[in-house]
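Spelled out, the chains give:
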Amino acid sequence: MSASHIPQPDTPALRLEGIVKTFPGVRALDDVGFDVRAGEVHALLGENGAGKSTLMKVLAGMYEPDEGSIYIEGEAVTMRSPLEAKARGVVLIHQELSLAEEMSVAENIYLGELPRKSLGRVDWKTLHSNAQAILDRLKCGFDSKRQVGTLSIANQQMVEIARALTVEAKVVVFDEPTASLTDAEKVVLFDIINDLKARGAGIVYISHRMDEIFTLADRISVLRDGGYRGTLIKSETNEDEVIQLMIGRALDLTRRRAAAKTGKVALQVEGLSCGKLFEDVSFELREGEVLGFYGLVGAGRTEIAETLFGLRKPSAGRILIDGTEVEISSPADAIKKGISLVPESRKEQGLVLGMNCRDNITLPQVGDLTKGPFVSDGAEIAIFDRYYEALKIKTPSWRQAVGNLSGGNQQKIVIGKWLAMNPRILIVDEPTRGIDVGSKSEIHDLIRTLAGEGYAVIVISSEMPEVMHVSDRIVAMFHGRIMRSFTTEEVTEDNLVAAISGIETDKVA
Amino acid sequence: MADIRHEIPADRAGRSGPDSGGKHKGGGMAHSGLKSFAGLMARQGILVAFVLFLIAFSVFSDRFLSAENIFSVVRSSAIIGVMALGVTVVVIGGNLDLSVGSMLSFSTVLVVDLHDKIGPGPAIVVTVLATLCLGAINGLLVGVARLNSLIVTLGMLSAIQGLTLIYSGGKNVDIVHQDTTWFKIFGRGYIADIPVPIVIFAICAIVLHVVMAYTPFGRRIYATGGNPTAAVFSGIRRSRVVFATYLISALTVAIAAIVLGSRVMGSQNNVGQGYELQVLAGVILGGTSLLGGSGTIWKSVIGVLILGFIQNGLLLLGFEYYVQWLVTWVVIILAVWLDIAAKRGRLLSPIA
Ligand SMILES: Nc1ncnc2c1ncn2[C@@H]1O[C@H](COP(=O)(O)OP(=O)(O)OP(=O)(O)O)[C@@H](O)[C@H]1O
Ligand SMILES: [Mg+2]
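Residues numbered from 1 in each chain as written. Chains lettered and ligands numbered in written order. Predicted model: local features only at pLDDT ≥ 70, side-chain atom pairs only at ≥ 80, totals over all residues. Heavy atoms only, no water.

In the nomenclature of an unreviewed UniProt entry, chain A is known as Ribose ABC transporter ATP-binding protein of Thioclava dalianensis. According to its UniProt record, chain A has this under Subcellular location (unreviewed entry): "Cell membrane". (UniProt positions renumbered as here; feature names shortened; annotations may be inferred.)

Structure (structure tokens):
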């Protein structure tokens, strides 16, 4: 390798060497090294907790590595802060959103480097015109003056991406950027990535979605248990080989579960409306049945779930559980009636990040896990252990704060928390967001098993393969209305897409 | 292009030469030494600071560590200490309570005034109930109406001051037969040679510690303070939890007022003025985050004691009493700084 600082044609944009990073009780990265060339998309794969996000945080100056070196265009660098990393042309788009919700879009994009006039005053005009230019490049349909907190999650993600585009970046890291994007937004994102690539940036792309990786990537590096497992060239490999490298065994993703034996109607919804969020929604859900809700982000699926869970008051319609009309006034009430909701956003709605893993899992039922007036340690640990094993949660112990787990393992904690309630009616909203392929198919199996045991399950998902794989019936939603409901025999990718785009108006619920 | 799999190991072998490898190790070790110190400070920083203070003061004053002095410091810290326990509960639940100082004035005036009018027993009952009502107002406004706790309790601070003056007509109150009433036990009595205020402080601390650490209710308070939205999504009735934390806080104020009234056997209308800041200082020194969701009762006890010992130490060293305010401030800032510095492993924030 050349010692000169002038980039040579074959000098990689980024080279990582022997990176080691430990946390108390966890060896998150163990001697990891590979390089990313200028003008390539380099996918980084690994199971939940394999160390991907940690590696990228080391790269972006958020964590100091215990050992190892980082080279940008052949030059050894130490990065002590995200701003310093950015100044060197390294930008990271986070897995978890990290925006200042109270501030405007433009301020977030230029956070820490607002353009100044004399006397240190912020140059608002330049700020907004620069920010707007980036938003336009990203084809974002919102104004740079909007307050970030008022944007949808997907649009907040776009702001996060916009932030990376304020400098001519040499290395851009995308950590699971598509977890909450719609298909249309994904197309825009992929255009941006290809554009960055054409400008000669090295891209690191982290995702659990094989289809994306095989569309975008030039090369694929794999981490397992904090160790580097190798790099594959996309054109010379296939999904099976990648998965084998990633989880150490082959995975049968095509397995189709048997149709469930359904029992009596557990939940019946009649003409339910909630303002303009959703209107005249009717369906029924039987014991032993998995009902999929498919639609675009914003179609009203989450709002229906929240209404059933007592978080919203319906403006019209009836809800019947086991044939009797009920009013669900609060989540506590919903839980009492046997309903569980795995919410859409694990960080905001699902978890108390500063609390340990066990206490998060047992939180909804802690009042029942008592011996006398006190919480029974043994009962809590028993519940934690059950889901720790069933969901293969990766954590050094139950005492670890949930905020220190990897994104996918946090999601598993939320799922465990609600399964542990033994609900009659289980509603899961985007259950496998951020979960690796292996665990994903395990969670799908788990949902099927639960249905087999007589649970009534609603699965809300924006991933077509997921709804098609896991559901017995699928309800397609568009603009707050149920457009059509399909059985497994009827459904095809084409008629499902047609229904959620509002093309089909045949309304059978 | 060659597969990188073959490049990397070769490179690694090259790097593990004697000098470069050694350098890496050295750096790693210094780093981990610093980190384990940071870790110790993060976990037990407050205890370390406490011990350092005790050592420093005892070097300069031999009276400082005498049993007599220690008892006297703990006893005089008991009133602030009891209130700090309640405020800790409120803060863990994600809110503030700045009204405890003027609430203390109100309750003390009430119990002392009623003592002679309706007898000590009924006076205590009425005082506790009246103080709980004030706490309930805080609880309703913050918990149910979801108003900002800083504003609500700051407003209550001045409202209760007014209420106290209306009640007393601006006159100081006192108890006439100070030596014959059993009411004196709370502030002046001893149980097995231990001053009763210390006993009461200890009992309150143990009870609240058990509640916070071992009951479902305590768990719900931590969850509500840590992430109110997730708490609601977990079926926790957030308004009830917040309401209850203010009741607990008011109850501790009532207890403190009984101790104070019994000790002084009289009360000015503004006895509790400024106590809210001392209480909050003790809570912060104990490492309870003002953001909610973390902190422990026993650390607040230590926080309050540190405050008491610093103030006492300064007096013993011959400083004017107002110097303690400056020193207290410095200590709080240092404590808070060390605490977050230890958590992020460096003194200044990496995020500019
Ligand atoms: N701040 C931290 N403190 C303690 N442990 C941590 C911390 N951050 C990460 N870890 C641990 O390091 C390991 C790697 O985590 P990381 O977030 O890098 O995984 P990941 O590959 O990004 O997983 P995912 O696909 O779920 O996002 C995990 O076991 C995690 O629990
Ligand atoms: Mg991650």
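*Asks:* What is the right way to look at the pairing of strand S14 (residues 316-321) of chain A in this model?
*Replies:* Regular strands place side chains that alternate from one sheet face to the opposite one. All names here are of chain A. Sheet topology note: the strand S11 (residues 265-274)/S14 ladder contains five bridges and is antiparallel. Among the inter-strand pairings, Leu-267 is bridged to a residue of S14, identified as Ile-321. Bridge count between S14 and strand S15 (residues 324-326): three bridges; the pairing is antiparallel. Along S15, the bridge assignment pairs Ile-319 with Val-326. In this antiparallel pair of consecutive strands, S14 and S15, the connection spans two residues, and Asp-322 shows a positive phi of 50°. (Pairing = 2+ DSSP bridges. Helix = DSSP H or I, 4+ residues; strand = E, 2+ residues; numbered from the N terminus.)

*Asks:* Can you walk me through the confidence of the model for chain B in this structure?
*Replies:* Do not read the fine detail of predicted coordinates wherever pLDDT is low. All names here are of chain B. Across chain B, the average pLDDT comes to 83, with 83% of residues at 70 or higher. Helix H9 (residues 216-226) holds the highest mean pLDDT among the elements of chain B, 97, whereas helix H1 (residues 4-15) holds the lowest, 30. A low-confidence stretch, residues 1-31 stays under pLDDT 50, and its non-local contacts, those more than four residues away or across chains, total 35 contacts. (pLDDT = per-residue confidence, 0-100. Contact = heavy atoms within 4.5 Å.)

*Asks:* Help me understand the site of ligand 1, please; the structure alone is not making it clear to me.
*Replies:* Residues and elements named next belong to chain A. Taken together, 21 residues lie around ligand 1, and Lys-52, Ser-53, Thr-54, Ser-406 and Gly-408 are the ones closest in. Between ligand 1 and Asn-404 there is a distance of 3.2 Å, counted from a nitrogen atom to a backbone nitrogen or oxygen. Protein chains bury 93% of the 640 Å² of accessible surface belonging to ligand 1 in isolation. Elements represented by at least two residues in the shell around ligand 1 include exactly strand S2 (26-36), helix H1 (52-59) and helix H14 (407-419). The element best represented in the shell around ligand 1 is H1, accounting for three residues. Class assignment of the residues belonging to the shell around ligand 1 gives a composition of six nonpolar, 12 polar and three charged. When residues of the shell around ligand 1 are sorted by domain, at least three fall in each of domain 1 (3-247) and domain 3 (351-422). (Near = heavy atom within 4 Å. Polar contact = N/O pair within 3.5 Å; in protein donor to acceptor, adjacent residues only side chain to side chain. Areas by Shrake-Rupley, 256 points an atom, 1.4 Å probe, with all protein chains shown as cover. Nonpolar A, V, L, I, M, F, W, Y, C, P; charged D, E, K, R; others polar. Domains from an automatic or database assignment.)

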